[in-house]
Each structure stands twice: as structure tokens, then as C-alpha cells.
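# Structural characterization, general
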Amino acid sequence: RIVLEGVRGPLTVKSLEYNGTMLPWRTQLTDQDIAAVLTFIRGHKDWGHAAAAVTPAQVKLVRATTAARGGATWTAAELLKVSDKQ
């Protein structure tokens, strides 16, 4: 969701506060591109990550379910309302 639509405003991640803007990549990157970037970040062991790969099919599903946002960037409050199953 964040890679597709971007995010703005304050966010707290692992007790660290961030306050800025990440631009959206919905129109610039393909599902394959986004899956590759997210897989790299999620699996980068030097950064302490070991999460599963992201597939283009997963990105396609999120792209479809968030299309109605019309390019509106996410906020932390909105993202916290999204279920893990969405």
C-alpha cells in the first residue's frame, strides 16, 4: 500500500518516530518491479530482515483493492485500520 500510494505524516516504527512523505510509485512501477523491491527489502539479512518474498500476484491484488483511493497518500492512522488479511 505504501509503495503504491505513498505515505505522509508521522509514523512510529519500532519505537522510532518518522515524519515525512514517501511518494507513490503506482504509475511508475509494474507489479513485478514492486514485488522485487519489497522482496529485496523484506529479505535483506544484513538489515535483520527475514520475511517471505512478495509476489507480483500479491501486488496486483493490493493494486486492485486500493485503486479507488484515487492516488491519495496513506497516513499512519489509515494504515493501522487495514487488516492483515486485506
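Position numbers for residues count from 1 along each chain, tracking the sequence in the order it is written. Restriction of local features to residues with pLDDT of at least 70 applies here, the model being predicted, together with a cutoff of 80 or more for giving and counting side-chain atom pairs; totals for whole chains, interfaces and linings are based on all residues. Water and hydrogen atoms were dropped before computing side-chain values, which therefore reflect all heavy atoms in the structure.

### Here's the deal with the overall build of the protein
To qualify as a helix, a DSSP run of H or I must reach at least 4 residues; to qualify as a strand, a run of E must reach at least 2; elements of each kind are numbered from the N terminus. Looking only at helices and strands, the protein features four helices and two strands. In sequence order, the protein lays out its α and β elements as α-β-β-α-α-α. Buried means the residue's accessible area, taken with a 1.4 Å probe over protein chains only, is under 20% of the maximum for its type, while exposed means over 50%, and partly exposed covers the values in between. Of all 86 residues assigned to the protein, the portion counted as buried reaches 23%. Taking the contacts inside the protein whose residues are at least 6 apart along the sequence as the reference set, 50% of them involve residues at least 24 apart. The positive count covers Lys and Arg only, the negative count covers Asp and Glu only, and His and the chain ends enter neither. By convention, the point assigned to a charge is CZ for Arg, NZ for Lys, CD for Glu and CG for Asp. Counting 11 positive and 7 negative side-chain charges, the protein places the averaged centre of each group 5 Å from the other. Two residues form a contact once any of their heavy atoms are found within 4.5 Å.

### A few points about the environment of Gln 28
With respect to the helices, strands and loops of the structure, Gln 28 is situated in the loop between β2 (16–22) and α2 (31–43). In this structure, the C-alpha to C-alpha distance between Gln 28 and Leu 4, residues 24 residues apart in sequence, is 9.2 Å. Side chain to side chain, Gln 28 and Thr 27 meet in a polar contact 3.3 Å long. For the purposes of these results, a polar contact is taken to be a pair of N or O atoms within 3.5 Å, where, inside protein, one atom must be able to donate a hydrogen and its partner to accept one; residues adjacent in sequence count only when each atom of the pair is a side-chain atom.

### Structural notes on the nonpolar core
What tends to happen in soluble globular proteins is that the nonpolar side chains get buried as a cluster. To qualify as a nonpolar core, a set must consist of buried Ala, Val, Leu, Ile, Met, Phe, Trp, Tyr and Cys residues joined through side-chain atoms within 4.5 Å. Membership of the largest hydrophobic core is limited to seven residues, which are Val 3, Leu 4, Ile 34, Ala 35, Val 54, Val 59 and Val 62. Where this core is concerned, the elements lending two or more residues are α1 (2–5), α2 and α3 (56–66). Leave out the neighbours within four places in its chain, and Leu 4 touches Pro 24, Trp 25, Arg 26, Ile 34, Val 59, Val 62, Arg 63 and Thr 66.

### What about a nonpolar patch on the surface?
Only residues above 30% relative accessible area that lack a salt bridge enter a patch, with like-charged residues linked at up to 9 Å and the nonpolar side chains Val, Leu, Ile, Met, Phe, Trp and Tyr linked at up to 5 Å. Using a 1.4 Å probe, accessible areas were evaluated by the Shrake-Rupley method; residue-level cover was limited to the displayed protein chains. Note on definitions: salt bridges are taken to be side-chain nitrogens of Lys or Arg within 4 Å of carboxyl oxygens of Asp or Glu. On the surface, Val 37, Phe 40, Ile 41 and Trp 47 cluster together into a nonpolar patch covering about 400 Å² of accessible area. Position of Trp 47 among the secondary structure elements: in the loop between α2 and α3.

### Details of the side chain of Thr 75
Tracing the backbone shows Thr 75 in the loop between α3 and α4 (76–80). If we ignore the near neighbours within four places in the chain, the residues touching Thr 75 are Val 7 and Arg 8.

### A look at the pairing of strand β1 (residues 7–13)
Pairing between two strands requires that DSSP report at least two bridges joining them. Bridge analysis of β1 against β2 gives seven bridges, and the strand direction is antiparallel. Bridge pairing in β2 places Val 7 opposite Met 22. Here β1 folds back onto β2, and the loop between the two strands holds two residues, one of which, Lys 14, carries a positive phi near 50 degrees.

### Some points on the environment of Thr 12
Here Thr 12 shows up in strand β1. Each C-alpha atom, one on Thr 12 and one on Asp 46, is 22 Å from the other, the two residues being 34 residues apart in sequence. Side-chain polar atoms of Thr 12 contact the side chain of Glu 17, separated by 2.7 Å.

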